[in-house]
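# Examination of the molecular architecture
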Amino acid sequence: MRRTYLRTFLREYGPFALLVLLSLAAWECAARLKLVPAFILPAPTAIWKAMLEQRLLLFGEHLPATLQEVLLGFVLSVCCGVLLGTGMHMFSPLEKALYPLLVISQTIPLIALSPIFIMWFGYTLWSKVAVVFLTAFFPVVIGTYDGLHKSGAVYKELLLTLGANRWQILRKTQIPPALPSLFSGLKLSIVYCVIGATIGEWLGGSRGLGYFSRRMAGNLQSAEMFAAVFLLSALGIVLFLSIKLLEYIILQKRGIHR
């Protein structure tokens, strides 16, 4: 059993792991041979050392602050996005009125909106949550709307002849097939949340990994800056895998296959 699992793991992820190890080895060699100045690209071992030295600040203060912003923004984007996507599916006038506005909202650079949110909410948690929400809202709405729009057509006429109302049709035949599309939107959204939180902290924060990386960059402490970037990447990966695990559990329970 263990050999089979190991063989499957190596077949699926072996090339990726090998590429990462080779890249890190080449990076370390280039840094030790001083092919690139240390303040531009520090060695992986220097980044690891900086992370250990700054662990109290990184893990005790800045990482929890960023995680709080990410989770609050994600929960708000999921609640509002699912409701709006469902409403757009159920009511055609709402879809025609709001769909163009949703698209337009994604053409505005977030870096231009962050100062506006700071003016509205001040240098508080909610200015960063607003940036996270705006970043993560769109994939949830579109994932919900597209999933519902493309599902349930086979049984809709049958249920209508049996006297089912629109909400019963939605619950029985449209929501289950729409779940894969919804989870695709959620996986994009949770990654965008990390990006939005970093932008908000970079422009107007006093805590968080984005704020820490900006401060270290200003002091030319590149190893510490890369340590914060590594933690941001790791946070995004962990959150993405958490949503993927939730997707697997729910879809397996319902007998839905991707």
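Looking up the protein in an unreviewed UniProt entry gives the name ABC transporter permease, with the organism given as Paenibacillus riograndensis. For the record of the protein, the UniProt heading Sequence similarities (unreviewed entry) holds the text "Belongs to the binding-protein-dependent transport system permease family." Per UniProt, the comment on the protein under Subcellular location (unreviewed entry) is "Cell membrane".

### Some details on the overall build of the protein
Check the secondary structure of the protein and you find 10 helices and 0 strands. Ordered by position in the sequence, the α and β elements of the protein form the string α-α-α-α-α-α-α-α-α-α. Taking all 258 residues of the protein together, 39% fall into the buried category. Sequence-distant contacts, at least 24 apart, represent 74% of the contacts inside the protein between residues at least 6 apart.

### Side note on the nonpolar core
The biggest cluster of nonpolar side chains holds 28 residues, and the ones touching the most others in it are Leu58, Val70 and Leu186. If you list the elements that add at least two residues to this core, you get helix H2 (44-53), helix H3 (55-90), helix H6 (125-149), helix H8 (166-204), helix H9 (209-218) and helix H10 (222-254). With residues up to four places along the chain from it excluded, the contact list for Leu58 reads Met51, Leu63, Pro64, Leu209, Phe212, Ala227 and Leu231.

### Quick word on the side chain of Thr198
On the secondary structure map, Thr198 appears in helix H8. Judged by relative accessible area, which is 17%, Thr198 ranks as buried. Aside from chain neighbours lying at most four places away, what touches Thr198 is Gly210 and Leu232.

### Examining H2
Those residues of H2 that sit buried are Ile47, Ala50 and Met51. Along the axis of H2, the buried residues cluster in a sector spanning 100 degrees; they form a single face. Along H2, the residues that are exposed and aim more than 90 degrees away from the buried face are Trp48, Lys49 and Glu53.

### Looking at the packing of aromatic side chains
For the structure on display, the rule yields 5 aromatic pairs. An aromatic cluster is defined as three or more aromatic residues linked by ring pairs; in this entry it consists of Phe117, Trp120 and Phe121.

### What to know about the environment of Phe226
Among the secondary structure elements, Phe226 is positioned in helix H10. Considered as a pair, Phe226 and Ala50 are 176 residues apart in the sequence and their alpha carbons are 8.9 Å apart. Once residues within four sequence positions are removed from consideration, Phe226 is found in contact with Ile40, Leu41, Pro42 and Ile47.

### Considering the UniProt feature "transmembrane region" (unreviewed entry) in the protein
Sequence positions flagged by UniProt for "transmembrane region" (unreviewed entry) are, in local numbering, residues 70-91, 98-123, 129-148, 181-205 and 225-251. Strand forms 0% of residues 70-91 and helix 95%; the C-alpha atoms that close the span are 31 Å apart. With 100% helix and 0% strand, the stretch residues 225-251 has end C-alpha atoms that lie 39 Å from each other.

Rules behind the numbers
Residues numbered from 1 in each chain as written. Predicted model: local features only at pLDDT ≥ 70, side-chain atom pairs only at ≥ 80, totals over all residues. Heavy atoms only, no water. UniProt positions renumbered as here; feature names shortened; annotations may be inferred. Helix = DSSP H or I, 4+ residues; strand = E, 2+ residues; numbered from the N terminus. Buried < 20%, exposed > 50% of the residue type's maximum accessible area, 1.4 Å probe, protein only. Contact = heavy atoms within 4.5 Å. Core = buried A, V, L, I, M, F, W, Y, C linked by side-chain atoms within 4.5 Å. Arc of directions from axis to C-beta. Phe/Tyr/Trp six-rings, centres within 6.5 Å; stacked < 30°, edge-to-face > 60°.

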